[in-house]
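One-letter residues, chain by chain:
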Amino acid sequence: MEKQKTCLEVALERLAERAIKESTYREYLGTLRNLGLEDLPAEKATVRYLSNVLNTVLVPGTRRKHAINLRACLGVKVPCPRPAQKLYDLPSIEQIHEAFGKSLYRGYAFSMLYAGLRIGEACVSQPIKGNVITVDRQRLPDGSISTPKTAGPVFVPEWFAEEYRAFEATKSHNTVYVGMRRAAKKVGLDINPHQLRHKFATELVKAGVSPNVLQKQMRHHDVAVSLRYYVQTHESDINEGVMKAFGQQPA
């Protein structure tokens, strides 16, 4: 009688055929270990069984991460909850310029604000031609260079394109993160670098760009990600939109 494979054995076989980073590989296997599934016979890893296991994970973000990992390493399509949108109290453009305009982190902060770069992408100089930055690399926290999460061209203002060509990104991931946090606190702002990417998306929508343009500028595979998780809408924005559309009573 053929020995039944365990979930770990199935995962090892599946992941051996995928070109994934070592950190991602360890994370996938870590999910099996943390949920106590390594020695479970693979035939018992049904959607129902795995869903019940996932429901014991109380933190929604962690539950979602484990669901994604199980889909990847076992091939079982367990329900994967949508991530909750993180709402930030985003500062104004003027406040961001006050915080970073004269700091050592101006180039990094403005790369996130005016090109929507992630911090790792801002920590390495990207190719630029005219006013188009082509994102094709990122600097990892360990200092190594790899392909970015998503690549592609980003249009930026002419004045920033000129500034970016003279900018040399040499600082590490951690140095930029800590330095930007400190620079912001000096002017009374509590913001982190990733919030500037949210600001980038929000300002594009306020400027009236189409969802398709937003998606391309954010380099997302799905426009829903751009709209649902990066664009922040407040009651004042809704009221302004209603007044703009219907504020004048027809004659």
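Values in this document were obtained by computation on a predicted structure and should not be read as measured data.

Cut-offs and rules
Residues numbered from 1 in each chain as written. Predicted model: local features only at pLDDT ≥ 70, side-chain atom pairs only at ≥ 80, totals over all residues. Heavy atoms only, no water. Helix = DSSP H or I, 4+ residues; strand = E, 2+ residues; numbered from the N terminus. Buried < 20%, exposed > 50% of the residue type's maximum accessible area, 1.4 Å probe, protein only. Lys, Arg positive; Asp, Glu negative; His and termini not counted. Salt bridge = Lys/Arg side-chain N within 4 Å of Asp/Glu carboxyl O. Polar contact = N/O pair within 3.5 Å; in protein donor to acceptor, adjacent residues only side chain to side chain. Contact = heavy atoms within 4.5 Å. Axes fitted to C-alpha atoms, helices over the stretch in contact; angles between N-to-C directions. Parallel < 35°, antiparallel > 145°, perpendicular 65-115°, else oblique. Left-handed = near helix turned anticlockwise from the far one by under 90°. Core = buried A, V, L, I, M, F, W, Y, C linked by side-chain atoms within 4.5 Å.

Enquirer: Break down the side chain of Arg139 for me, with residues and values.
Expert: Following the sequence through the fold, Arg139 ends up in strand β3 (residues 138–139). Buried charge Arg139 goes without a salt bridge, the closest partner of opposite sign being Asp142 at 8.3 Å. A polar atom in the side chain of Arg139 sits 2.7 Å from the backbone oxygen of Cys123. Aside from chain neighbours lying at most four places away, what touches Arg139 is Gly120, Cys123, Val124, Ser144, Ile145, Ala169, Lys171, Ser172 and His173.

Enquirer: Could you give me a rundown of the packing of helix α1 (residues 7–15) against helix α2 (residues 22–34), with the residues and numbers involved?
Expert: Axis separation between α1 and α2 bottoms out at 10 Å; the angle between their running directions is 165°. Considering their axes alone, α1 and α2 lie roughly antiparallel with respect to each other. For the pair α1 and α2, the crossing hand works out as right-handed. Residues Cys7, Leu8, Ala11, Leu12 and Leu15 of α1 pack against Tyr25, Tyr28, Leu29 and Leu32 of α2.

Enquirer: Quick rundown of the nonpolar core? Include the residues and the values.
Expert: Nonpolar side chains in soluble globular proteins tend to be buried together. Core analysis: the largest hydrophobic core is formed by 36 residues, its most contacted members being Phe100, Met112, Met180 and Leu196. No other element matches helix α6 (residues 106–115), which puts seven residues into this core. Residues in contact with Met180, not counting those within four places in the same chain, are Phe100, Tyr105, Ala109, Met112, Pro193 and Leu196.

The values reported here are purely geometric and, on their own, carry no functional implication.
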